[in-house]
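# Structural description and commentary
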Amino acid sequence: MYFCTMKWNMNFTRGEWVAALALLALMLAGYLFYALYDRPRPAKDMTAYVAQFEEFNRCQALLRDSVEAARARRGHDYSRPWSTRDTNPKNSRSVKKPMYDIVKLDLNRCDTGDIVVVPLFGSKRAARLVEYRDKLGGFYSLAQVREVYVLQDMDISHMEKYFYVNSGDVRKININTATYKEMVSHPYFDAYLTKTILHYREQHGAIHSLEELQQVTHAYPELMEKLRHYVVF
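A few points on the structure. Please read these numbers as outputs of a predicted model, since none were measured by experiment. Along every chain, residues carry numbers that run from 1 in the direction the sequence is written. Where totals are concerned, whole chains, interfaces and linings use all residues; where local detail is concerned, this predicted model gives features only for residues with pLDDT of at least 70, and gives and counts side-chain atom pairs only at 80 or more. Side-chain measures were taken over the full set of non-hydrogen atoms in the model, leaving aside hydrogen atoms and water.

## A closer look at helix α5 (residues 123–136)
For clarity, the cut-off: Numbering of helices and strands runs from the N terminus, with a helix taken as a DSSP run of H or I at least four residues long and a strand as a DSSP run of E at least two residues long. Expected span, for any helix, means 1.5 Å times one less than how many residues it has. Classification of residues uses two cut-offs on accessible area relative to the type maximum, computed with a 1.4 Å probe and protein chains only: under 20% is buried, over 50% is exposed, and between them is partly exposed. What the arc covers is the set of directions going from the helix axis to the C-beta atoms. In this description, contact between two residues means that some pair of their heavy atoms is separated by no more than 4.5 Å.
With 14 residues, α5 extends 20 Å between its outermost C-alpha atoms, agreeing within 8% with the 20 Å of an ideal straight helix rising 1.5 Å per residue. Among all positions of α5, only Ala 126, Leu 129, Val 130, Tyr 132, Arg 133 and Leu 136 are buried. The arc that holds every buried residue of α5, seen down its axis, measures 165°, which confines them to one face. Away from its buried face by more than 90 degrees, α5 exposes Ser 123 and Lys 124. Elements that come into contact with the buried residues of α5 comprise α4 (112–115).

## Digging into the side chain of His 186
Our working rule: A 3.5 Å cut-off defines polar contacts: any pair of N or O atoms within that distance qualifies, except that in protein one atom must be a possible hydrogen donor and the other a possible acceptor, and neighbouring residues in sequence count only when both atoms are side-chain atoms.
Its place among the elements puts His 186 in the loop between α7 (180–184) and α8 (191–204). From its side chain, His 186 meets the backbone nitrogen of Tyr 188 in a polar contact 3.1 Å long. Look past the residues within four positions of His 186 in its chain and what remains in contact with it is Lys 135, Leu 136, Ile 173 and Tyr 230.

Interpretation note: all reported values are geometric properties and have no functional meaning in isolation.
Following this line, the structure appears as structure tokens:
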């Protein structure tokens with residue numbers, strides 16, 4: 001009866017009334033939302049968080065100070081990268097000793113089987129070394145090894161590590177009795193030098209010293225220094 005009276009008084013249809021009531025409900029809901037949820041919220045209390053952050057920083061500082069103190073007591077330099085530290089200092093008791101001592105070979109007595117086990121020597125180098133040694137009649141110096149073609153680049157310090165020379169084992173040539181074949185087969189005697197010595201022996205007799213041999217052959221000083229270890233008169 002009430003709605004009928006309002007419809008007659010306001011001249012609204014039923015649909016228009018429903019729309020008006022819906023609009024009123026939305027306005028009421030908006031007002032309630034604004035009144036209940038759009039109020040200023042109180043600021044959060046950050047005191048607890050600040051206290052936790054300060055405590056964390058304090059613990060980190062204490063830990064850093066304790067680490068630096070420990071490093072100072074031990075006397076190590078930790079400022080370098082770990083890969084550059086001395087893992088085995090000279091004064092350390094953990095320095096490893098060689099498992100075995102190197103037994104040096106007598107270069108004038110060893111054979112190819114002994115030589116091939118030496119680093120940087122194979123069967124070819126060992127064979128050439130023994131062959132040249134036999135032609136010489138023995139080595140008087142380790143430096144002579146470099147006269148072998150395949151050993152010209154050999155480091156003498158490497159030879160000294162594995163070999164030694166007993167110059168008393170060198171086989172000598174008697175200049176006054178040796179034949180052409182005996183002399184010319186020696187690496188330090190070529191055909192011209194040998195023929196000069198033999199010709200002098202036939203014309204003048206025996207040669208008595210290195211000085212006389214040098215005057216007869218006119219050999220250069222470096223060759224005479226080598227021959228000194230291989231000739232007798």
